[in-house]
Amino acid sequence: SQFSGDDGDDIFNLTDTDTYVVVGGAGTDTFNTSTDIDSVIIGGDGTDTLVIGAATLDLADNTNFAFSGIEKLDITSATGTTVISAKQLSNNSTLAIVANGDQLNIEIDPLVAAVGGTLDASNVTIASGSTALLNYVGSSKTDTITGGVAAEIFTMTAGDDTIDGGTGTNKV
């Protein structure tokens, strides 16, 4: 199934765990979820926001979940940890994290090929007035992880990893 917005500012409340596609279109669109959705979200033109309303939500392991054209990820309602994958992040040229001291983990898929994976967070920022803990998690293979301008944590496992922390104050 596919659901589409119009050229205005649309609000989508995503509660169904089935696989479907949601297209925002032009305008400032908001996609709200508190559910472990397995859908594809396409923001379209404008400044679009994905709002995570669950205390803790792991979207990294969902087979079909993807988002693109999303400029803001709002995790202010998350009192635990929100998890997305490096592959899901790669569909967005920039991503500002809106948070109130909340944690976002971005993980390299542990099932990546024997050579490891890549996580490029060079365009991830913390939105003005927000505080967030950004944690980049490698796989057990050889990974390449690039941080951004925020203070970040790099969680490594086995493997001969390459890390570029960016300009923030980072912890490995």
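The numbers attached to residues start from 1 for each chain and follow its sequence in the written order. Per-residue local features are limited, in this predicted model, to residues with pLDDT of at least 70; the limit for side-chain atom pairs, both in listing and counting, is 80 or more; totals at the level of whole chains, interfaces and linings are taken over all residues. Values shown for side chains rest on all heavy atoms present in the structure; no hydrogens or waters enter the calculation.

Visitor: Looking at this structure, I do not really get the sheet that holds strand E18 (residues 162–164). What am I missing?
Guide: Sheet strands line up and pair through hydrogen bonds in the backbone, either parallel or antiparallel. A pair of strands counts as paired when DSSP detects no fewer than two bridges linking them. Labels follow the DSSP assignment, with helices taken as runs of H or I lasting at least four residues and strands as runs of E lasting at least two, numbered in each case from the N terminus. What the three strands build is an open sheet, ordered E13-E16-E18; its pairing is parallel. Two strands close off the open sheet at either side, each with one partner strand: strand E13 (118–120) and E18. Taking each pair of neighbouring strands and ignoring which way they run, the sheet shows an average axis angle of 5°. As defined by bridge partners, E13 adjoins strand E16 (residues 144–146) across three bridges and the pair is classed as parallel. Counted as the bridge partner of Asp120 is Thr146 from E16. Lines fitted to C-alpha atoms define the axes, with helix axes restricted to the stretch in contact, and inter-axis angles between N-to-C directions lie between 0 and 180 degrees.

Visitor: For this particular structure, what's the right way to read the nonpolar core?
Guide: One broad trend across soluble globular proteins is that nonpolar side chains are buried collectively. By nonpolar core is meant a set of buried Ala, Val, Leu, Ile, Met, Phe, Trp, Tyr and Cys residues that side-chain atoms within 4.5 Å join together. Any residue under 20% of the maximum accessible area for its type is buried, any over 50% is exposed, and the rest in between are partly exposed; the area is computed with a 1.4 Å probe on protein chains only. By size, the foremost hydrophobic cluster in this structure holds 35 residues, and its most contacted members are Ile41, Leu50, Ile97, Leu119 and Tyr136. Taken together, the elements giving at least two residues each to this core come down to strand E2 (11–14), strand E6 (49–52), helix H1 (86–89), strand E11 (95–98), strand E12 (100–107) and strand E15 (131–137). In contact with Leu119, not counting residues within four places along its chain, are Ala86, Leu89, Ile106, Glu107, Ile108, Tyr136, Val137, Thr144, Ile145 and Thr146. In what follows, residue pairs with any heavy atoms lying within 4.5 Å of each other are defined as contacts.

Visitor: How should I be thinking about the layout of surface pockets in this particular structure?
Guide: If a probe as big as a water molecule is rolled over the atoms, it shows which places are left empty. In this analysis, the protein atoms alone were mapped onto a 1 Å grid. Cavities are point sets where a 1.4 Å probe fits without being able to get out; pockets are open sets with protein on both sides within 12 Å along at least five of seven lines; lining residues have an atom within 4 Å of a point. Grid points are joined across faces, edges and corners, and a volume is the space filled by probe spheres set on the points. Roughly 300 Å³ of internal volume is contained in the largest pocket. What lines the largest pocket is a set of 16 residues, and nearest its centre among them are Ala60, Asn62, Ser85, Gln88 and Asp109. Here the lining of the largest pocket is built from residues that sort into five nonpolar, six polar and five charged. Side-chain classes follow a simple rule in which Ala, Val, Leu, Ile, Met, Phe, Trp, Tyr, Cys and Pro form the nonpolar group, Asp, Glu, Lys and Arg form the charged group, and the remainder, Gly included, forms the polar group.

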